[in-house]
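# Overview (structure and organization)
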Amino acid sequence: MSYFSEIVGQEQIKEYMQNALKTGNVSHAYIINGEKSSGKEFIAKIFAMAMQCEKGEIEPCGECHSCKQALSGNQPDIVRITHEKPNSIGIDDIRTQINSEVSIKPYSSPKKIYIINEGEKITPQGQNALLKTLEEPPEYVVIFILTTNVEALLPTILSRCVVLDMKPVADKTVKEFLMETLHIPDYKADICVAFARGNVGKAKLLATSEEFDNIKEEAITLLKYISDMEIHEIVAAIKKIKDFKLDINDYMDILSIWYRDVLLFKATNDVNHLIFKEEIQYIKKVARKSDYEGLEKIIKALDKAKSRLNANVNFDLVMELLLLTIKEN
Ligand SMILES: [Zn+2]
């Protein structure tokens, strides 16, 4: 069993961690910085488990008492910081869960490890409280701050932590993971990889989520028939997107990838590099019907619509304009 090898990509972080374990040169504080779902918690968990493993090697054994406890989330010396308010980690959370008990020695392991997830939510007061521990940590303490935004942390915190940045994982590697480990079929794996943009957790989520399948179905049905649709049918389609509360970012991404495919097919006549290979009959039809200028207009309209939606411009209006541009081109 090799836990570090279960981490997909992130070679630099793995190498850093295993080297720290080998030389015994483990720092008191780490920041793992990376996108939502990119696997920060998974990596911190494996590193923590290895530090506490009774065999004390560079790979957690998975067999000893400590490893078993860590695997079930019950290792008493690996503490996950919780917070009462969903959107902030405040001074009291830090004080009661870290500062007031940090001087108590580890219960049964070499280290006492704290994992703070969503570190970008720690308030400035909370960060200043945390700083007290970071300035003079007991020798057995290791603190992990996991965050999607390292810039939300004070410079005084950053200067006391080793910052490990998650890197986007190569598409090929993500695809292999989806197909070999999760047994996702080729065609579906391609779509998920195109969406995930190097984020393994997101790829996994998309590959296994029913909601994403629904969004994809809705978007593709619309794209197939939009040129023959009447205005009132388009309005009904928009209403459906809203009623289903589909993730509009995913929905828009599907439209973008579809037109990227159309453009690619028009330029190369090659099916192999398309994401929506399975819909080739329809892709062909659109590629024949639309000229380059029209496709470019659609792609521009998509970008514009995305930024308008992010700026909270009226949803119906943005979508109507977009779908009319698609229909006309
Ligand atoms: Zn072990």
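Structural data are supplied above this passage.
Worth saying up front: this structure is predicted, and the values here are computed from it rather than measured. (Residues numbered from 1 in each chain as written. Predicted model: local features only at pLDDT ≥ 70, side-chain atom pairs only at ≥ 80, totals over all residues. Heavy atoms only, no water.)

### As for the coordination of the zinc ion
Counted only if it meets this: Each metal's donors comprise the N, O and S atoms found within 2.8 Å of it (within 3.2 Å for Na, K or Ca). Water is not part of the atom list, so some coordination spheres may appear incomplete. Only four donors with every angle between 85 and 135 degrees are called tetrahedral; only four or six donors with opposite donors over 155 degrees apart and all others between 65 and 115 are called square planar or octahedral, in that order; all others are irregular. The rule is simple: take the accessible area with a 1.4 Å probe, protein chains only, and divide by the maximum for that residue type; under 20% is buried, over 50% is exposed, in between is partly exposed.
For the zinc ion, the protein coordination sphere consists of Cys-53 (SG), Cys-61 (SG), Cys-64 (SG) and Cys-67 (SG), at 2.3 Å. Around the zinc ion, the four donor atoms are arranged such that angles at the metal cover 104 to 119 degrees; this shape is classified as tetrahedral. Exposure remark for Cys-53: the relative accessible area of 4% places this residue in the buried category.

### Observations regarding the nonpolar core
Inclusion rule: Remark: nonpolar core denotes a set of buried residues (Ala, Val, Leu, Ile, Met, Phe, Trp, Tyr, Cys) joined through side-chain atoms within 4.5 Å. Put simply, DSSP H or I for four residues or longer makes a helix, DSSP E for two residues or longer makes a strand, and each gets a number counted from the N terminus. Here a residue-residue contact requires only that any non-hydrogen atoms of the pair lie within 4.5 Å.
One finds Leu-178, Leu-255, Trp-258, Tyr-259, Phe-276, Met-319 and Leu-322 to be the most contacted residues of the largest nonpolar core, which totals 57 residues. The element that contributes the greatest number of residues to this core is helix 12 (residues 248-268), accounting for nine residues. In this structure Met-319 touches Ile-238, Ile-241, Ile-248, Tyr-251, Met-252 and Leu-309, once residues within four positions along its chain are discounted. Membership of the second largest hydrophobic core comes to 31 residues, among which are Tyr-3, Ile-43, Ala-44 and Val-142.

### Points about the side chain of Lys-112
Stated formally: Polar contacts, as used here, are pairs of N or O atoms within 3.5 Å; protein pairs need one atom able to donate a hydrogen and one able to accept it. Residues neighboring in sequence count only if both atoms are side-chain atoms.
Secondary-structure assignment places Lys-112 in strand 3 (residues 112-116). In terms of polar contacts, Lys-112 uses its side chain to reach the backbone carbonyl oxygen of Glu-101, at 3.0 Å. At 2.6 Å, the side chain of Lys-112 forms a polar contact with the backbone oxygen of Ile-104. Discounting residues that sit within four places of it in the chain, Lys-112 has contacts with Gln-52, Asp-77, Glu-101, Ile-104, Lys-105, Pro-106, Tyr-140, Val-141 and Val-142.

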